Amino acid sequence: MGNLESGVARRVAVVDNDPTSWSLEHVEALYRRHQAGAHGFGLQRKELKEIVRAIFPDAKKDVVGDVLWPRFAEYDSGSEVNALEVLGGLAVVSQGSLENKANFVLRLFDFNDVGSLSYDEVVVALLSTLAGCCLCTRRGSLPQDEDVLNHVDDAFLRADRDSTMRIPLRDLEHWFIARCTDLCRDRKLELCDSPTALLLCFDLMQASAIPDDEPAAVLATVAAT
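Quick caveat, the model's predicted, so the values are computed rather than measured.

The rules behind the values
Residues numbered from 1 in each chain as written. Predicted model: local features only at pLDDT ≥ 70, side-chain atom pairs only at ≥ 80, totals over all residues. Heavy atoms only, no water. Axes fitted to C-alpha atoms, helices over the stretch in contact; angles between N-to-C directions. Helix = DSSP H or I, 4+ residues; strand = E, 2+ residues; numbered from the N terminus. Parallel < 35°, antiparallel > 145°, perpendicular 65-115°, else oblique. Left-handed = near helix turned anticlockwise from the far one by under 90°. Contact = heavy atoms within 4.5 Å. Nonpolar A, V, L, I, M, F, W, Y, C, P; charged D, E, K, R; others polar. Phe/Tyr/Trp six-rings, centres within 6.5 Å; stacked < 30°, edge-to-face > 60°. Buried < 20%, exposed > 50% of the residue type's maximum accessible area, 1.4 Å probe, protein only.

## Structural notes on the packing of helix H1 (residues 24-36) against helix H4 (residues 83-93)
Line of reasoning, step 1. Following both chains from N to C, one finds H1 and H4 inclined at 165°, their axes separated by 9 Å at the closest point. Relative to H4, H1 is oriented roughly antiparallel. As H1 packs across H4, the resulting crossing turns out to be left-handed. For the pair H1 and H4, the contacting residues are Leu24, Val27, Leu30, Tyr31 and His34 in the first and Ala83, Leu87, Leu90 and Ala91 in the second.
Line of reasoning, step 2. For the contact of H1 with H4, the per-class residue count stands at eight nonpolar, one polar and no charged.

## Examining the packing of aromatic side chains
Line of reasoning, step 1. What the rule picks out here adds up to seven aromatic pairs.
Line of reasoning, step 2. Here tyrosine 31 and phenylalanine 104 contribute two aromatic rings whose centre-to-centre distance is 5.9 Å and whose plane-to-plane angle is 80°, an arrangement assigned as edge-to-face. Taken as a pair, tyrosine 31 in helix H1 and phenylalanine 104 in helix H5 (residues 98-108) lie far apart in primary sequence, 73 residues in all. In this pair, the class of tyrosine 31 matches that of phenylalanine 104, namely buried.
Line of reasoning, step 3. Considering the side-chain rings of tyrosine 119 and phenylalanine 156, the 5.1 Å spacing of their centres and the 50° angle between planes classify their relative orientation as tilted. Of this pair, tyrosine 119 sits in helix H6 (residues 119-137) while phenylalanine 156 is found in helix H7 (residues 145-158), placing the two residues 37 residues apart along the sequence.
Line of reasoning, step 4. In this structure an aromatic cluster arises from ring pairing among Phe41, Phe109 and Phe111.

## Quick notes on the environment of aspartate 153
Line of reasoning, step 1. Note on placement: aspartate 153 falls in helix H7.
Line of reasoning, step 2. As a C-alpha pair, aspartate 153 and valine 123 span 30 residues in sequence and 9.5 Å in three-dimensional space.

Written out as structure tokens, the structure is:
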């Protein structure tokens, strides 16, 4: 397991059935495969398997049946998964920098490929990514509209735009990094680039819910300044 589709230069060894060992390049390859197949946002199990198999042709285990489908379909009807939640969740838990993850996730929601997002698109982007993180990690509570509207309002305020305007992806990427940094500082988190930290700083889980094997630094307080 670990082959990437044509066009990705290097191979990254990953562990079967462990998306946290995948690289962001793998998730980007899954997205390109999804786009090339003209799939909709709702994916049936067979479609998701075809997409994953194309990127990981040597996989010895059924990562869709064993991991992805149970995590992303169980809270709904079970007949399909939301492709945006799957890709957003996988991006968050994958191996890669926070900056590159933010860049990829925001591009997912630039549906018209214009290099910017509307207010509603930013809302959907944040909702889907946070929901994907919850489902992929099986932690936290699924976000609701009211959970993200204040954050989106902050993005538009910092960009000096109203809700009828669009924000360039680059500005949104900078805002997201700054927002996460601010929220982590407010919640006294030392590390801000893990899925758990994301759920903590967006108030989707409590520190008391963190398993004992979670890195202690996630909960470490920042030094007083």
